[in-house]
Each structure stands twice: as C-alpha cells, then as structure tokens.
Amino acid sequence: MGDNRNNNIQNASMMRKPILILLSVLAVALSSCEPESLGFPGKVKFTAEGGTVELSGKEYAIDWHAEDDNLGVYDDYFNEEIGDTVYNHSIPWLWIRYVKGDTKVKITALPNETGKKRSARVLGLQNYAVPIEKEAYIVVKQDK
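As the structure is a prediction and not an experimental result, all values here were calculated from the model. (Residues numbered from 1 in each chain as written. Predicted model: local features only at pLDDT ≥ 70, side-chain atom pairs only at ≥ 80, totals over all residues. Heavy atoms only, no water.)

1. Looking at the nonpolar core
Grouped together as the largest cluster of nonpolar side chains are 22 residues, with contacts concentrated most on Phe40, Trp64, Leu94, Val122 and Ile138. Elements that contribute at least two residues to this core include exactly strand 2 (43–46), strand 4 (63–68), strand 6 (85–91), strand 7 (94–99), strand 8 (104–109), strand 9 (118–125) and strand 10 (134–142). The contacts of Leu94, once residues within four sequence positions are left out, are Ala66, Asn88, His89, Ile107, Thr108, Ala109, Ala120, Val122 and Val140. (Core = buried A, V, L, I, M, F, W, Y, C linked by side-chain atoms within 4.5 Å. Buried < 20%, exposed > 50% of the residue type's maximum accessible area, 1.4 Å probe, protein only. Helix = DSSP H or I, 4+ residues; strand = E, 2+ residues; numbered from the N terminus. Contact = heavy atoms within 4.5 Å.)

Following this line, the structure appears as structure tokens:
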C-alpha cells in the first residue's frame, strides 16, 4: 500500500512539471505581446517653425500624453478640461488636444528656438488595463 501511495505522489509530481512549464511559457508570451494599435500614424515631423497637425485613428483613446526624449515628462504637466475637450501640456514645446470619445487628436509643436532637433513620443491609451491592450504610439520630430 505504501508503494502505491509513493507511485501516486511521484506521478502527480511528474504531471505538474509540464503544466508549470506550459504556464511559464504562456506568461512570458503574454507579457511580451505588443498592444494592438488604435490606427493612428506612427510618425509626425514638424519644421522649426512648429505648427499643428490633426491625426485620425480607427479607434479613440481615453488619455493622451507626451514624453520628451531628452526631458521625460515635464514637471509642470497638466490637463485642462473644457467640456469634453482636453488640453494636455506634458512637455514645454508640445501640446495635445483631444475630445473625449473622438478618434482624432491635435498635436501642436511650438517654434523651435533651441538650435537643436527635438523629439518626443506621444502615447494614447484606450484603457488603463495592465498589460496595455490598445494604444497609439506616435514619434514626433522637430527640425532645428
């Protein structure tokens, strides 16, 4: 009877290993999945004079923000909401304007008087789920 019990424990232990390996592989695969795109263009380029572009996507984002490739997020970051319109000032030289639930976003670059090229990343999220399921990722460049 003791041998039978030991065999059952050994068999259960052997069956757990493939299951644990499968779960580990699945966890790695899911964590490395890229979020689905919201259909916005991936790049925008401004001249040194700056300007505004309006971009359209296939789906809306509930939140937009920007990060300067050299500065990160601006210390005086703010969102101002007027009705359904949100004005986002994530970094000093770039403004984002969007209407909640709309599939469009306006990005404004202020004139570049630094003498250096500028670059940032604008990110739009459709939800705050982790991992991110859908996003818009836009690389913004500005001439010097």
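2. Points about the sheet that holds strand 5 (residues 78–82)
With antiparallel pairing, five strands are arranged side by side in an open sheet as 3-8-7-6-5. For this open sheet the edge positions go to strand 3 (51–56) and strand 5, each flanked by a neighbour on one side alone. Each adjacent strand pair in this sheet contributes to an overall mean axis angle of 20°, direction not counted. Relative to strand 7, strand 6 runs antiparallel, the two sharing five bridges. (Pairing = 2+ DSSP bridges. Axes fitted to C-alpha atoms, helices over the stretch in contact; angles between N-to-C directions.)

3. Notes on the pairing of strand 9
For strand 9, the tally of buried residues reaches seven of eight residues, placing the bulk of the element in the interior. For strand 4 and strand 9, the ladder comprises six bridges, and the chain directions are antiparallel. Among the inter-strand pairings, Trp64 is bridged to a residue of strand 9, identified as Gly124. As paired elements, strand 9 and strand 10 share eight bridges and run antiparallel to each other. Within strand 10, the position partnered with Ala120 by the bridge is Val140.

4. Here we look at the confidence of the model for the protein
Interpretation of the predicted coordinates at a detailed level should be avoided for regions scoring low in pLDDT. Residues of the protein with pLDDT of at least 70 account for 72%, and the chain-wide mean is 80. Below a pLDDT of 50 lies the segment residues 26–32, which in the model reaches zero contacts outside its immediate sequence neighbourhood of four places, other chains included. (pLDDT = per-residue confidence, 0-100.)

5. Concerning a positive patch on the surface
Positive charge collects at one region of the surface, where Lys43, Lys117, Lys141 and Lys144 lie side by side. Along the polypeptide, Lys144 turns up in the segment after strand 10. In this structure Lys144 comes out as exposed when scored by relative accessible area, which is 59%. (Patch = residues over 30% accessible without salt bridge, like charges linked within 9 Å, V, L, I, M, F, W, Y side chains within 5 Å. Areas by Shrake-Rupley, 256 points an atom, 1.4 Å probe, with all protein chains shown as cover. Salt bridge = Lys/Arg side-chain N within 4 Å of Asp/Glu carboxyl O. Lys, Arg positive; Asp, Glu negative; His and termini not counted. Charge placed at Lys NZ, Arg CZ, Asp CG, Glu CD.)

6. Considerations on the packing of aromatic side chains
Summed over all chains, the structure comprises one aromatic pair. Centre to centre, the rings of Phe40 and Trp64 are 5.0 Å apart; their planes meet at 80°, and the pair counts as edge-to-face. You can see Phe40 sitting in the loop between strand 1 (36–37) and strand 2 and its partner Trp64 sitting in strand 4, a full 24 residues away along the chain. In this structure, Phe40 and Trp64 share a single accessibility class: buried. (Phe/Tyr/Trp six-rings, centres within 6.5 Å; stacked < 30°, edge-to-face > 60°.)

7. Brief notes about the side chain of Gln142
When you line up the elements, Gln142 lands in strand 10. Among the polar contacts listed, one links the side chain of Gln142 to the backbone oxygen of Leu110, at a separation of 2.9 Å. Those residues in contact with Gln142 that lie beyond four places of it in its chain are Phe46, Thr47, Ala48, Gly50, Trp93, Ala109, Leu110, Pro111, Asn112, Lys117 and Arg118. (Polar contact = N/O pair within 3.5 Å; in protein donor to acceptor, adjacent residues only side chain to side chain.)

8. Focus on the environment of Thr108
With respect to the helices, strands and loops of the structure, Thr108 is situated in strand 8. C-alpha of Thr108 to C-alpha of Ile96: the two residues are twelve residues apart in sequence and 6.4 Å apart in space. Look past the residues within four positions of Thr108 in its chain and what remains in contact with it is Gly51, Thr52, Trp93, Leu94 and Trp95. Within the local environment of Thr108, its side chain forms a polar contact with the side chain of Thr52, the two groups lying 2.8 Å apart.

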